[in-house]
Amino acid sequence: MSDTLVLAVPSKGRLQENAAAFFARAGLDIVQGRGARDYRGQLAGLKDVEIAFLSAADIVAQLASGNVHMGVTGEDLVRETLADADEKVALLTPLGFGGANVVVAAPRAWIDVKTMADLEDVAASFRARRGERMRVATKYINLTRRFFAKMHVSDYRIVESSGATEGAPAAGQAELIVDITTTGATLAANALKILDDGVILRSQANLVASLGADWSEPARESARAILSRIAAEEEARTTREVTTALANPAPALIAAAEAQFSARLRYRADGRLTLNCPPDKVAPLADWLIAQGADHVSVAALDYVFSAANPLYEKLVSRLAGAKIR
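One structure accompanies this document, and this report is about it.

Reading the values: rules and limits
- Residues numbered from 1 in each chain as written.
- Predicted model: local features only at pLDDT ≥ 70, side-chain atom pairs only at ≥ 80, totals over all residues.
- Heavy atoms only, no water.
- Salt bridge = Lys/Arg side-chain N within 4 Å of Asp/Glu carboxyl O.
- Helix = DSSP H or I, 4+ residues; strand = E, 2+ residues; numbered from the N terminus.
- Buried < 20%, exposed > 50% of the residue type's maximum accessible area, 1.4 Å probe, protein only.
- Expected span 1.5 Å × (residues − 1).
- Arc of directions from axis to C-beta.
- Contact = heavy atoms within 4.5 Å.
- Axes fitted to C-alpha atoms, helices over the stretch in contact; angles between N-to-C directions.
- Parallel < 35°, antiparallel > 145°, perpendicular 65-115°, else oblique.
- Left-handed = near helix turned anticlockwise from the far one by under 90°.
- Pairing = 2+ DSSP bridges.

### Examining the pattern of salt bridges
- Overall, the coordinates contain 14 salt bridges when judged by the stated rule.
- Of the charged contacts in the structure, one is a salt bridge between arginine 79 and glutamate 75, with a shortest N-O distance of 3.3 Å. Placement of the pair is arginine 79 and glutamate 75 together in helix 3 (residues 75-81), with a separation of four residues, close to one helical turn.
- Accessibility expressed as a relative area gives 15% for glutamate 75, which makes it buried.
- Residue arginine 127 pairs with aspartate 155 through a salt bridge whose shortest N-O separation is 2.9 Å. One end of the pair, arginine 127, is in helix 5 (residues 116-130); the other, aspartate 155, is in the loop between helix 6 (141-150) and strand 9 (156-160), and 28 residues separate them in sequence.
- Within the structure, one salt-bridge network assembled from shared partners comprises Arg25, Glu233 and Arg237.

Okay, here's the thing in structure tokens:
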């Protein structure tokens, strides 16, 4: 069993830059020892972790085969490539970048087609008139088949797209498309519209763990250290520390703060009260505390919030245990 945990990250482009920035925010700097052409690297300060620089698609394949322990890749690639994705990998946490939706888009001129149910009616009519099935251009063959089956649309055939999918209807290569989009602007420019219930997947980059990798105890400990820092940075980024002085704050007051402002108690002693709450709840919470008798309320942004509980690592351990049971 190997003591080294292998973490795969995208090898180039915006995804690599965003992945590096994500890990850096958690205090985990990615180091390429021999420069940008080196396809192996390290996480500074963690000697038993090796970085593998791969394409996003290769990361999915290596996770599925168990050759890497964790990786950064898009959920759309995971769901498209692996029919049984949840049996082979665990999506531990979304990373907040690489966001895009996989959607069903039809010509804007189809004014009576707004939903997938409408599409099924059109498909049946299309076959009755022309004696052939409606064509769907896409790179997402498996996602399309699963979604169309779920939505009870069967009278169609897939035209695999190798180029700019959004141009297929205008070029006469297909009647509609399944494609990935961030803003929908390119679809609109090609006179296409997204069906009201045609969002197949809201995708973004995820930190994904392999359930079939060699999870030795040293590899698990490295994963625990990485996930602890990621969870600490995420908790700090999504909360603010609110501190005030209140004479004998009653449990009912704290419960009210939790219910009304999603606040969590961090510290209470000698009249000092410290709560954590989401950034958008800070001002209402401060006003409320002053109304309860506080003279001053201070608010601080945090770098990290480390906790004894590590939800990301606990999720990993739970999924690994479930995989062994199966």
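### Notes on helix 1 (residues 13-25)
- An ideal rise of 1.5 Å per residue puts 18 Å on 13 residues; helix 1 measures up with 19 Å between its terminal C-alpha atoms.
- When helix 1 is considered as a whole, its buried residues turn out to be Ala19, Phe22 and Phe23. Here the buried residues of helix 1 occupy an arc of 90° about the axis, which is enough to place them on one side. Every exposed residue of helix 1 that faces more than 90 degrees away from the buried side is listed here: Arg14 and Glu17.
- Contacts from the buried residues of helix 1 go to strand 1 (5-10), strand 2 (30-31), strand 5 (70-74), strand 12 (205-210) and helix 8 (217-237).

### Some thoughts on the packing of helix 9 (residues 251-261) against helix 10 (residues 282-291)
- Put simply, helix 9 and helix 10 touch, their axes get as near as 11 Å, and they point 155° apart. One way to sum up the angle between helix 9 and helix 10 is to call them roughly antiparallel. Regarding helix 9 and helix 10, the two cross each other, and that crossing is right-handed. Contact with helix 9, carried on its side by Leu253, Ala256, Ala257, Gln260 and Phe261, involves Pro284, Leu285 and Trp288 of helix 10 and no other residues of that element.

### Some details on the pairing of strand 15 (residues 272-277)
- Counting buried residues along strand 15, five of its six residues qualify, which places the element largely inside the surrounding structure.
- By the bridge criterion, six bridges tie strand 13 (residues 240-245) to strand 15 in an arrangement that is antiparallel. Considered in strand 15, the bridge of arginine 240 is made with cysteine 277.
- Here strand 14 (residues 264-269) pairs with strand 15 via five bridges, running antiparallel. By the bridge assignment, arginine 268 is partnered in strand 15 with leucine 273.

### Focus on the sheet that holds strand 3 (residues 40-43)
- Read across the open sheet, the seven strands follow the order 2-3-4-1-5-12-6; overall the sheet is mixed. Two strands in the sheet have a free side with no partner beyond their single neighbour: strand 2 and strand 6 (89-94).
- Bridge analysis of strand 1 against strand 5 gives two bridges, and the strand direction is parallel. Each bridged residue has a counterpart across the sheet, and for leucine 7 the counterpart in strand 5 is methionine 70.
- Along the sheet, helix 1 contacts strand 1, strand 2, strand 4 (46-54), strand 5 and strand 12; its crossing angle with strand 1, the most-contacted strand, is approximately 130°.
- Seen against the sheet, helix 8 touches strand 1, strand 3, strand 4, strand 5, strand 6 and strand 12 and runs at an angle of roughly 80° to strand 4.

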